[in-house]
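Results of the structural survey
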Amino acid sequence: MKLDLAALLREAWTLWRRDRALLIPVVGVTMFLPRLAFQLLVPVWQIPEGVTGEQAVRQLSQALADWTGRYGGWFVLTTVVGLWGALTIIALYLDRGRPTVIGALGRGLALLPRYLLAMILVGLPTAGLFALALGLPLLFVVILAPIFYIYARMSLTGTVLVAESPIGAIASIGRSWRLTLGNGWPLAWVLAGIMLASMVFGSVLVTLGHLGESNPVAVGITVAAAVAVESAATVATVLVAIAAYRRLTSKGT
């Protein structure tokens, strides 16, 4: 079946409006607070300035390696906790046991290792394409299109893991690919729109924060606002995936 994108977005918005009292604490504990702590406590990765050519590539690689060695573990931990939050939200809507928030947190934790494996497998092709895009700046926008398409086709992996449990990581990826057949590009546009809007608003807030670097309160407020936008975008993609899964499976796909 073809997804009605307007109806899909309306359903996702309806879920948020109806259940925000349940969702906000989950989002706050698993997404907003860990990301905020990371942004405030971990130094920003600095890109070398004033160098070009091979020297720039070497310094860029070294700077990334140094930053990863010092802070990569905290970044991974923040990401994992965020994925736990996403699974928890999915469990609230799609788990057959209809768990409470506490039960959904437990359900998400139980499925987290499987979800992590699935996300690693999903990330491999998109990471490869993204690395290619960075190496070919003139084709960056062109290469972004298949990245979002692949991501969209695999975007229901988490919903499948929860709703169709027990199911393995690889099987859930395959199931997502089959469910989204014929809807890859529409979903890609929706997800890309959410992510790009988050990036634009986040960049504006970060820029405003730099203008007031001498005022730690102003910096804290702008960083918190940027993290709130990022967390909202994550929740939006999760709710869109839930709505898409419900619609596609309701037709016996």
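Before going into details, it helps to say that this report is about the structure given with it. What you see is a predicted model; the values in this text were computed from it and never measured.

This brings us to the overall build of the chain. Looking only at helices and strands, one finds eight helices and zero strands in the chain. The buried share of the chain, reckoned over its 253 residues, is 40%. In the chain, the proportion of contacts linking residues at least 24 apart, taken out of those at least 6 apart, comes to 74%. A total of about 14,000 Å² of accessible surface is found on the chain, and carbon and sulfur atoms cover 70% of it.

Here the focus is helix H6 (residues 169-179). Where H6 is concerned, the buried positions are Ala169, Ser172, Ile173, Arg175, Ser176 and Leu179. Considered in projection along H6, the buried side chains sweep an arc of 160 degrees and stay on one side of the axis. Across from the buried face of H6, at angles greater than 90 degrees, the exposed residues are Ile170 and Arg178.

Let us look at helix H1 (residues 5-41). For H1, spanning 37 residues, the distance from its first C-alpha to its last is only 39 Å, which falls clearly below the expected 54 Å at 1.5 Å a residue. For H1, the principal kink sits at Arg20 and spans about 85 degrees. Backbone nitrogen of Ala6 and a side-chain oxygen of the N-cap are separated by 3.1 Å at the start of H1; the cap is Asp4.

Our next topic: unusual backbone geometry. Backbone torsion omega between Ser165 and Pro166 reads 0 degrees, so that peptide bond is classified as cis. When you line up the elements, Pro166 lands in the loop between helix H5 (157-163) and H6. Positioned with a positive phi, Arg98 is a non-glycine residue whose angle comes to about 45 degrees. For Arg98, the location among the structural elements is in the loop between helix H2 (53-94) and helix H3 (101-135).

All right, on to a nonpolar patch on the surface then. On the surface, a cluster of nonpolar side chains totalling about 490 Å² of accessible area is made up of Leu117, Ile120, Leu121, Leu124 and Ile170. In terms of residue count, H3 provides more of the nonpolar patch than any other element does, four residues in total. For Ile120, the position within the fold is in helix H3.

Summarising the element assignment, Thr30 is placed in helix H1. Given the relative accessible area of 2%, Thr30 is considered buried. A polar contact of 2.7 Å, which involves the side chain of Thr30, links it to the backbone oxygen of Val26. Not counting the four nearest positions on each side in its chain, Thr30 is found in contact with Val81, Gly82, Trp84 and Gly85.

Another point: the pattern of salt bridges. The full count for this structure, using the stated rule, is six salt bridges. With its nearest N and O atoms 2.8 Å apart, the salt bridge here joins Glu11 to Arg247. Remark: Arg247 occurs in helix H8 (residues 216-250) and Glu11 occurs in helix H1; sequence separation between them is 236 residues. With its nearest N and O atoms 3.9 Å apart, the salt bridge here joins Arg35 to Glu230. In this pair, Arg35 is assigned in helix H1 and Glu230 in helix H8, connecting sequence segments 195 residues apart. Taking relative accessible area as the criterion, Arg35 reaches 14% and is therefore assigned buried. A network of salt bridges, in which partner residues are shared, links Glu11, Arg246 and Arg247.

Helices that pack against each other are described as a pair by the angle of their axes relative to one another and the distance between those axes. Direction vectors running N to C along H1 and H8 enclose 140 degrees, while the axes themselves pass 7 Å from each other. Regarding the angle of H1 to H8, the classification is oblique. In this structure, H1 meets H8 at a crossing whose hand is right-handed.

The rules behind the values
Residues numbered from 1 in each chain as written. Predicted model: local features only at pLDDT ≥ 70, side-chain atom pairs only at ≥ 80, totals over all residues. Heavy atoms only, no water. Helix = DSSP H or I, 4+ residues; strand = E, 2+ residues; numbered from the N terminus. Buried < 20%, exposed > 50% of the residue type's maximum accessible area, 1.4 Å probe, protein only. Contact = heavy atoms within 4.5 Å. Areas by Shrake-Rupley, 256 points an atom, 1.4 Å probe, with all protein chains shown as cover. Arc of directions from axis to C-beta. Expected span 1.5 Å × (residues − 1). Bend = angle between axes of the 7 residues up to and from the residue. Polar contact = N/O pair within 3.5 Å; in protein donor to acceptor, adjacent residues only side chain to side chain. Patch = residues over 30% accessible without salt bridge, like charges linked within 9 Å, V, L, I, M, F, W, Y side chains within 5 Å. Salt bridge = Lys/Arg side-chain N within 4 Å of Asp/Glu carboxyl O. Axes fitted to C-alpha atoms, helices over the stretch in contact; angles between N-to-C directions. Parallel < 35°, antiparallel > 145°, perpendicular 65-115°, else oblique. Left-handed = near helix turned anticlockwise from the far one by under 90°.

That's the geometry; what it means functionally is another story.
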